[in-house]
Amino acid sequence: MHLQYSKKYRVAVFAWNNLGRSVESNVWQVRTAQDVPYQPILHQPILGECNSINITWSPPTREALGDPVTDYIAQIKRTGSKELGLIVHHLTFQSRPRV
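Owing to the predicted nature of the structure, the values given are computational and were not obtained by experimental measurement.

Here we come to the overall build of the protein chain. When its secondary structure is counted, the protein chain shows zero helices and ten strands. Put simply, the protein chain runs from its N terminus to its C terminus through helices and strands in the order β-β-β-β-β-β-β-β-β-β. Burial status across the protein chain gives 13% buried among its 99 residues. Partitioning the contacts of the protein chain with sequence separation of at least 6, the portion at a separation of at least 24 is 35%. Accessible area for the protein chain stands at about 8,800 Å²; split by element, carbon and sulfur atoms hold 56% of it.

Glancing now at the packing of aromatic side chains. Aromatic ring pairs are defined here through the distance separating the ring centres and the angle between the ring planes. On inspection of all chains with the given rule, the structure shows one aromatic pair. When the ring of W57 is compared with that of Y72, the centres are 5.4 Å apart and the planes differ by 50°; the resulting orientation is tilted. Linking W57 in strand 8 (residues 57–58) with Y72 in strand 9 (residues 72–76), this pair joins segments that are 15 residues apart in sequence. For the residue pair W57 and Y72, the accessibility class agrees, reading buried in each case. Lying across the ring of F14, R21 places its NZ or CZ 4.2 Å from the centre.

Tallying each qualifying case throughout the model produces one salt bridge. Linking R10 and E24 is a salt bridge whose minimum nitrogen-to-oxygen distance equals 2.8 Å. You can see R10 sitting in strand 1 (residues 8–11) and its partner E24 sitting in the loop between strand 3 (20–21) and strand 4 (28–31), a full 14 residues away along the chain. By relative accessible area, E24 is classed as partly exposed at 30%.

Now for a nonpolar patch on the surface. Among the surface-exposed residues, V11, W28 and V30 lie close enough to one another that they form a single nonpolar patch of about 300 Å² accessible area. Take V11: it is sitting in strand 1.

Per-residue confidence for the protein chain averages 79 on the pLDDT scale, and 81% of its residues sit at or above 70. For residues 95–99, every residue scores under 50 in pLDDT, and the model assigns this stretch 18 contacts once sequence neighbours within four places are set aside.

Attention shifts here to the environment of Q29. Here Q29 is to be found in strand 4. Taking relative accessible area as the criterion, Q29 reaches 59% and is therefore assigned exposed. Once residues lying within four places of it in the same chain are set aside, the contact partners of Q29 are Y9 and R10.

Cut-offs and rules
- Residues numbered from 1 in each chain as written.
- Predicted model: local features only at pLDDT ≥ 70, side-chain atom pairs only at ≥ 80, totals over all residues.
- Heavy atoms only, no water.
- Helix = DSSP H or I, 4+ residues; strand = E, 2+ residues; numbered from the N terminus.
- Buried < 20%, exposed > 50% of the residue type's maximum accessible area, 1.4 Å probe, protein only.
- Contact = heavy atoms within 4.5 Å.
- Areas by Shrake-Rupley, 256 points an atom, 1.4 Å probe, with all protein chains shown as cover.
- Phe/Tyr/Trp six-rings, centres within 6.5 Å; stacked < 30°, edge-to-face > 60°.
- Lys NZ or Arg CZ within 6 Å of the ring centre and 35° of its normal.
- Salt bridge = Lys/Arg side-chain N within 4 Å of Asp/Glu carboxyl O.
- Patch = residues over 30% accessible without salt bridge, like charges linked within 9 Å, V, L, I, M, F, W, Y side chains within 5 Å.
- pLDDT = per-residue confidence, 0-100.

So, in structure tokens, the structure goes:
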């Protein structure tokens, strides 16, 4: 069985023979380890005025592995540049930042 990250599972053990199954053992509720969230889906950037770009994105799909998203960070840098570029922190899914 392949377990998913950050999910709750119920674990119990039974004994079995040709006459049948035992009563279940003590039951443990466990949660698998957390993982980083899956990447968001960036939509086509829209050029705004001559010096702005509007970006939007969708959160990772529900089927994606990883923990829930608590924050987004957007980064933009000029192609070929070695500088880190502009970083915008603490964005939410509803945000439509102008970069």
